[in-house]
Amino acid sequence: MKKDREEDRGFILEWLREENTERLRDLWRAADRTRRECVGEAVHLRALVEISNTCVRQCAYCGLRAGNAGLERYRMNREEILRCVRDSEALGIGTVVLQGAEDFGLSREWIADIVRQIKQETSMAVTLSLGERTIHELETWRDAGADRYFLRFETSDPDLYKRIHPPRRTRPISRIRLLQRLKNLGYETGSGVMIGIPGQSYTSLANDILLFRQLDLDMIGVGPWLPNPATPMGALRDMFPDCPDQVPNTEDMAYKVIALTRIHCPEANIPSTTALATLNAENGYERGLNRGANVIMPNCTPAGYRRKYEIYPKKVLLSHPKSNVEGICLRIASLGRQIGRGQGQRIRHEKCEKRYATLPMSTRGAA
Ligand code: SAH
């Protein structure tokens, strides 16, 4: 078991360090094949509704952090949220993701009521992504009908985690422990990391990918760290130095992580993320989908609010959710893939063990 893990880590590390474009094609091909065999040709859409940018936390990388006085705060009301959900269903989307900053104005009962209403009125799956909340809240929302919960652990390195999340008055439960609790509550559970945050080493990123599998995650979202000048990590780089074995926050590194995640966790739902599409507006989505991803999350937040949900600058701003979704559908069709029908939940197959066998060890060393 331990030996397996060491081998996997070695394999992941070799590929994360691979720079040769020709050889990387083997990685893209293996990831794409695993994707096709294990989750098929469907690309599932998840309507992202960013319900509040009001936050109590001070995460060093995130533009929504409480300390960012330059950001005008909002919280959508119940009717606005339900309207977005209905509109998304009318566009043929099978899952809505209600995402928000850590806003205790989004109370346990208020969210539960909205979840119940969505489940009553629509046939959509509901994913919540509302940060670190109490077990009582998570239980209530699950009872109300929420299907999935998404919470990135950001990094598996405890020291780096501490550096980028300033201490709070009450010691929080670790995100990794929370993810296990979410699974026990019966949620489909999603997590992920940012790629290339200052201080993230190759080994630590390889450990993140190993942890995805260990947690048996149903959904895995990864994207490059994009410096936001309104945050300490974006503005005060002296305070967040690179480490000697620093991972770059590049587009290619993001594809490597997506591809290795697919090979390592073949059944997971893996989005081609907005952060990727922000780095490469022209074909970031497509490349992600061709290198292991099988999900896209069109932003269905009303434009006025979307502009204020500024986690990082220049988050792709398309005019209206409808044209946004239509554009994404065209792009998916151009790859010869189909839009997934239904809720697009994770499906377990016996045949989908991790797929290292489809790919030789990176031949970097043998060059
Ligand atoms: N508060 C919620 C969700 C909001 S942020 C939560 O904590 O889950 C959603 C994700 O955006 C974060 O988990 C983080 O991984 C990502 N993110 C935040 N700032 C970013 C940045 N500057 N660049 C890239 N991704 C970022």
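So, a few notes on the structure that sits alongside this text. Here the structure is a predicted model, which means the values were calculated and not measured. (Residues numbered from 1 in each chain as written. Predicted model: local features only at pLDDT ≥ 70, side-chain atom pairs only at ≥ 80, totals over all residues. Heavy atoms only, no water.)

**Details of the overall build of the protein**
- Looking only at helices and strands, the protein features 14 helices and 10 strands.
- Computed over C-alpha atoms, the radius of gyration of the protein comes to 19 Å, within 12% of the 21 Å expected from 2.2 N^0.38 for 367 residues, which places it in the range of a compact globule.
- Across the 367 residues of the protein, 56% fall into the buried class.
- For the protein, the exposed area adds up to about 15,800 Å²; of that, 51% sits on carbon and sulfur atoms.
- Taken together, the 56 basic and 47 acidic charged side chains of the protein have centroids lying 1 Å from each other. (Helix = DSSP H or I, 4+ residues; strand = E, 2+ residues; numbered from the N terminus. Rg over C-alpha atoms; globule rule 2.2 N^0.38 Å. Buried < 20%, exposed > 50% of the residue type's maximum accessible area, 1.4 Å probe, protein only. Areas by Shrake-Rupley, 256 points an atom, 1.4 Å probe, with all protein chains shown as cover. Lys, Arg positive; Asp, Glu negative; His and termini not counted. Charge placed at Lys NZ, Arg CZ, Asp CG, Glu CD.)

**What to know about unusual backbone geometry**
- The phi dihedral of Glu 154 is positive, around 70°, even though this residue is not glycine.
- Counting through the fold element by element, Glu 154 comes out in the loop between strand E4 (148–150) and helix H6 (158–164).
- For Glu 154, a relative accessible area of 8% corresponds to the buried category.
- Backbone geometry places Asp 216, a non-glycine residue, at a positive phi of 50°.
- Position of Asp 216 relative to the elements: it lies in the loop between helix H8 (202–214) and strand E7 (219–220).

**Quick word on the pattern of salt bridges**
- All told, the structure shown has 36 salt bridges when counted by the stated rule.
- Among the salt bridges present, the one from Arg 25 reaches Glu 22, with a minimum N-O distance of 2.8 Å. One end of the pair is Arg 25 and the other is Glu 22, both in helix H2 (residues 21–39) and three residues apart, which spans about a single turn.
- Residue classification places Arg 25 among the partly exposed residues on the basis of a relative accessible area of 41%.
- Among the ionic contacts, a cluster of salt bridges with common partners joins Lys 183, Asp 216, Asp 218, Glu 267, Arg 346 and Arg 348. (Salt bridge = Lys/Arg side-chain N within 4 Å of Asp/Glu carboxyl O.)

**What to know about the pairing of strand E2 (residues 95–100)**
- Summarising burial for E2: six of the six residues are buried, a large majority.
- Here E2 shows a buried face lined by Thr 95, Val 97 and Gln 99 and a second buried face lined by Val 96, Leu 98 and Gly 100.
- Where strand E1 (residues 42–52) meets E2, six bridges bridge the pair, whose relative direction is parallel. Within the sheet, the bridge partner assigned to Leu 48 lies in E2 and is Val 97.
- The handedness of the E1 to E2 crossover, carried by helix H3 (residues 78–90), is right-handed.
- Sheet analysis places E2 next to strand E3 (residues 125–129), joined by five bridges and oriented parallel. (Pairing = 2+ DSSP bridges. Right-handed = clockwise from strand over helix to strand, strands pointing away.)

**Describing the packing of aromatic side chains**
- Per the counting criterion, the structure on display carries four aromatic pairs.
- Where Tyr 149 meets Tyr 187, the ring centres are 5.8 Å apart and the plane angle is 75°; that geometry is what we call edge-to-face. Here Tyr 149 is found in strand E4, whereas its partner Tyr 187 is found in the loop between helix H7 (175–184) and strand E5 (188–191), with 38 residues between them in sequence.
- Residue class for Tyr 149 comes out buried when judged on its relative accessible area of 1%.
- Ring geometry for Phe 153 versus Phe 212: centroids 5.7 Å apart, planes at 50°, classification tilted. In this pair, Phe 153 is assigned in the loop between E4 and H6 and Phe 212 in helix H8, connecting sequence segments 59 residues apart. Like Phe 212, Phe 153 is buried.
- Across from the ring centre of Tyr 187, 5.7 Å away, lies the NZ or CZ of Arg 142, which sits over that ring.
- Across from the ring centre of Tyr 255, 4.8 Å away, lies the NZ or CZ of Arg 291, which sits over that ring. (Phe/Tyr/Trp six-rings, centres within 6.5 Å; stacked < 30°, edge-to-face > 60°. Lys NZ or Arg CZ within 6 Å of the ring centre and 35° of its normal.)

**Looking at the site of the ligand**
- Neighbouring residues of the ligand: 17 residues in total, closest Tyr 61, Arg 152, Glu 154, Leu 226 and Ile 311.
- Within the contact set of the ligand, an oxygen atom lies 3.4 Å away from a side-chain nitrogen or oxygen of Arg 175.
- A total of 550 Å² of accessible area belongs to the ligand in isolation, and the protein chains cover 92% of it.
- Looking at the shell around the ligand residue by residue, the class counts come to 11 nonpolar, three polar and three charged. (Near = heavy atom within 4 Å. Polar contact = N/O pair within 3.5 Å; in protein donor to acceptor, adjacent residues only side chain to side chain. Nonpolar A, V, L, I, M, F, W, Y, C, P; charged D, E, K, R; others polar.)

**Regarding the pairing of E3**
- Most of E3 is tucked away: five of the five residues are buried.
- What you see with E3 is no split at all: Ala 125, Thr 127 and Ser 129 on one side and Val 126 and Leu 128 on the other are buried throughout.
- Once the chain exits E2 it traverses helix H4 (residues 108–121) before rejoining the sheet at E3, and the crossover so formed is right-handed.
- Inspection of the sheet shows E3 paired to E4 by two bridges, in the parallel sense.

**Brief notes about helix H10 (residues 251–264)**
- When the terminal C-alpha atoms of H10 are compared, their 20 Å separation across 14 residues agrees well with the 20 Å that a helix rising 1.5 Å per residue should span.
- Of all 14 residues in H10, 13 are buried; the element is thus mostly enclosed. (Expected span 1.5 Å × (residues − 1).)

**Section: the state of the cysteines**
- Here the structure, examined in full by the defined rule, presents zero disulfides.
- The thiol of Cys 265 is not disulfide-bonded; the next cysteine sulfur, from Cys 38, is found 11 Å away.
- Residue class for Cys 265 comes out buried when judged on its relative accessible area of 8%.
- A disulfide-free cysteine, Cys 300 has its sulfur positioned 7.4 Å from the sulfur of Cys 84, the nearest such atom.
- Look at Cys 300 and you get buried, because its relative accessible area is 4%. (Disulfide = S-S within 2.5 Å.)

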